[in-house]
Protein chains: 2
Amino acid sequence: MTDYRRLRVALLGAGAVGSQVADLLRKHGPELADRAGATLELVGIAVRDVDADRDVELPRELLTTDAEPLIVGSDIVIELMGGIEPARSYLLQAINSGADVVTANKALLATHGPEIFDAADQVGASVYYEAAAAGAIPIIRPLRDSLAGDRVQRIMGIVNGTTNYILDRMDSEGADFADVLADAQRLGYAEADPTADVEGFDAAQKAAILASLAFHTTVPLGAVHREGITAIDKAMMDAARHAGYVIKLLAVCERLTGETETGGDAISVRVYPALISRSHPLASVHGANNAVFVQAEAAGNLMFYGAGAGGVQTASAVLGDVVSAARRHIAGGVGVGESTRANLPIVEIGRVTTRYQITLEVDDQPGVLATVAGVLSEGRVSIATVEQTVIGDGEEGSGVARLVIGTHKAREQDLSETVDRLAASGVVERVVSVLRVEGD
Amino acid sequence: MTDYRRLRVALLGAGAVGSQVADLLRKHGPELADRAGATLELVGIAVRDVDADRDVELPRELLTTDAEPLIVGSDIVIELMGGIEPARSYLLQAINSGADVVTANKALLATHGPEIFDAADQVGASVYYEAAAAGAIPIIRPLRDSLAGDRVQRIMGIVNGTTNYILDRMDSEGADFADVLADAQRLGYAEADPTADVEGFDAAQKAAILASLAFHTTVPLGAVHREGITAIDKAMMDAARHAGYVIKLLAVCERLTGETETGGDAISVRVYPALISRSHPLASVHGANNAVFVQAEAAGNLMFYGAGAGGVQTASAVLGDVVSAARRHIAGGVGVGESTRANLPIVEIGRVTTRYQITLEVDDQPGVLATVAGVLSEGRVSIATVEQTVIGDGEEGSGVARLVIGTHKAREQDLSETVDRLAASGVVERVVSVLRVEGD
């Protein structure tokens, strides 16, 4: 048995992920020591309530409600409490007392990331956060290190397991949103208050983290355009399937080449439900799984796939970070800071171009298609495909027709103004849906 | 413009990958400097012939046939010459003169890895080799760092683009091996001498590298069981398709729990064509693409997908390593060495268990199936499925029947002895094929 240096590890939080981290740290101690080159001694676990029920039983003597003495004097501090405070203060305190820190707190990083990275930079500490985006999928190191010599063009990620579970079941069972959501809540795939997931807040936090890394640019959460999936209904799902698409909640981080006035690059970061072709690799991501599809200038197309959530899965990512932190502690030198020197401008959603699928109910009258086509053309929205179906008794002039229009790439602002004009044109009864098409 | 420290970068080799690395280093200089925190100055490119034709035009004044003066005094040495010598000597020289090194040389690492890693360890240098396994796909860092806190159970990789291209076309077009190989050679997907690819040597080198990382164990190339794809014919492909499988050349790195006499773990590393279910994520890896499927105790199933080869794609992985090496140079401290302390025993192929599909031509006589089933049962090979089809005129006793037997998991040695006994049993006309079934 090698005589390793001892590193003191403090754990803040013992919920679904934290309790698994504590368990694995204790179970695999000697193995982890061999890999890290140091014995990882779990010196304490800060919790709100030492008597709370936990997924895994933890030694009572390690539990404490007093985090601060734990933090001071630890070499590595793992923050798995979630939320902004006191997580933020504890992380800053850990950094300032010389620890390297590991966190899975996407809400904190997406809102206070620069403050935390700056603090670490000041003292040469490192911040590890593999578990903060796409759960167990190793995506942080590939973006930060492996692709550091390349130029990322676009990321399309399925980064929220709950919404992918819901959309996947709606797609495969022809079920409606509310029914699947209720079932997902019963099965524990969705929270009692599902807002963070179904409204895209969770995905937006992850999008901000991924875009920051990919484009070496600070991306504030407020700059992420966000739409949820609550408006997606069975009819839209059926129509998507009919057209060879599937609807996924996508986090899209895109480089817009030559977009600025001086010809420089800009970026767009957005979360919304979008149509993607059933032949796209992301279309076959089922259930609560996550996947991140990356297009880079030199590397081409890459995809990273795996479990997006789950206590023990996320614990794997956290422990990988703990081993990395330990290796750095042993190796010495200052930590690798964040790289945000590119700081590309972030454009509004209105300047983004994608393809669209517009579904309208129109009067089944002669000349209606010509009117619709005219409005689109005036609005600089070019039609790629049209499909017209009569609804009702099928006799001309007596009913309503459904028009599904696929567009070429159009600018979001042009498209949305055009849809407004269509709605006001007198021939459109109802704008059924407007969905973006991603991934060509 | 920040005033960065200058790092001297030497490039050895300017072939398909090297010329792209040189090009990208020069094109993206300022961007790479921002990310690395240092200016990467390409001080020279060692080549065999300065007048050779290259994919990308390189400045004549950087080219030299004299590698040694370049190596001495460089901070980062990139080795893209391939082959064992002089690559090995140059890398050792670079390490001993204080450089960090980057290499894509899988043949060298699979045969002389320990020597090179030891040399780096002695002086605190780092060896980066993301491009040595699965081309542009970031798999080294995920295995070495992200999964360092987990326990990898199994890796199944499609790590050779040429053979995947050939097998994919055989599958989708119903073509035969020789025809597709000839076409692949014409299109540049296969070399004039295709041995390294089609006999599995290239995949075996990558398997050794992946297994070393995943299991923290030195895996010599000689310990990798290797079979190529030259025996795979149209009939096998058709039969596989009929049974819901596809044939892929897989690199399998597997942990065998409790396999040693003292109840410890062992590992198996093997390369062979195997059947996998069409619903497995690896089945949808088409063309010359690569993918690595990883099963870990805590993280669950992960998959990494992308381009497995190609000059500019591989250059992306090399440059990611160069930026990492530069960051480490700036940060100071010793390099992170290899972790091989687990050093699990590597078992022979005979001790491995998998499922099998055995295809036999037997006399179409009463009692034949009973004889075959008896031989299998005596050999401790348990039958899961049987399908019998009559070949010939279909009248009993007059012809030959084809028997396709799917087995439960059986030990390779039992299986191969049993197949020998079947062949000698008097009722078997011909053993058509014996294929392993992976991925359940």
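Residues numbered from 1 in each chain as written. Chains lettered and ligands numbered in written order. Predicted model: local features only at pLDDT ≥ 70, side-chain atom pairs only at ≥ 80, totals over all residues. Heavy atoms only, no water.

Going by what an unreviewed UniProt entry lists, chain A is known as Homoserine dehydrogenase and is assigned to Microbacterium ulmi. Listed under Cofactor (unreviewed entry) in UniProt, the entry text for chain A is "a metal cation". Comment text from UniProt for chain A, heading Sequence similarities (unreviewed entry), reads "Belongs to the homoserine dehydrogenase family." (UniProt positions renumbered as here; feature names shortened; annotations may be inferred.)

Asks: Is there a simple way to think about the interface of chain A and chain B in this case?
Replies: As a measure of interface size, the accessible area lost when the parts come together is often cited. Listed per partner, the contact involves 49 residues of chain A and 49 residues of chain B. Taken together, the two surfaces of chain A and chain B that pack against each other cover about 4300 Å², and 54% of this comes from carbon and sulfur. The three residues of chain A that bury the most area against chain B are A:Arg35, A:Arg327 and A:Arg341, which together make up 14% of that side's buried surface. The interface formed by chain A and chain B includes 4 salt bridges. Across the pair B:Glu31 and A:Arg151 runs a salt bridge, and its minimum N-O distance is 2.4 Å. Here chain A is connected to chain B by 24 residue pairs in polar contact (both at pLDDT 80 or more). Residue assignment for the side of chain A that touches chain B shows that the elements contributing at least two residues are α2 (29-36), α6 (140-146), β12 (300-307) and α12 (311-331) of chain A. The leading source of residues in the side of chain A that touches chain B is α12(A), at 9 residues. Inspection of the sheet shows β12(A) paired to strand β12 (residues 300-307) of chain B by 3 bridges, in the antiparallel sense. Among the inter-strand pairings, A:Met303 is bridged to a residue of β12(B), identified as B:Tyr305. (Contact = heavy atoms within 4.5 Å. Buried area = accessible area lost by both parts, 1.4 Å probe. Salt bridge = Lys/Arg side-chain N within 4 Å of Asp/Glu carboxyl O. Polar contact = N/O pair within 3.5 Å; in protein donor to acceptor, adjacent residues only side chain to side chain. Helix = DSSP H or I, 4+ residues; strand = E, 2+ residues; numbered from the N terminus. Pairing = 2+ DSSP bridges.)

Asks: Teacher, can you tell me more about helix α14 (residues 412-423) of chain A here?
Replies: For an α-helix the count is 3.6 residues per turn, leaving residues at separations of three or four pointing the same way. Residue and element names in this part refer to chain A. Helix length check: α14, at 12 residues, gives a terminal C-alpha distance of 16 Å against a target of 16 Å (1.5 Å per residue), a fit within 8%. Here α14 has its buried residues at Glu412, Asp414, Leu415, Thr418, Val419 and Leu422. Angular distribution of buried residues about the axis of α14 spans 155°; they occupy a single face of the element. Against β13 (353-363), α13 (368-378), β16 (410-411) and β17 (428-438) lie the buried residues of α14. (Expected span 1.5 Å × (residues − 1). Buried < 20%, exposed > 50% of the residue type's maximum accessible area, 1.4 Å probe, protein only. Arc of directions from axis to C-beta.)

Asks: How should I be thinking about helix α11 (residues 234-242) of chain A in this particular structure?
Replies: Residues and elements named next belong to chain A. When α11 is considered as a whole, its buried residues turn out to be Met236, Met237 and Ala240. Along the axis of α11, the buried positions cluster into a sector of 100°, meaning they face one direction only. The secondary structure elements touched by the buried residues of α11 are α7 (161-173), β9 (245-256), β10 (266-277) and β17. Where α11 terminates, the next one or two residues include Gly244, which has phi positive at roughly 85°.

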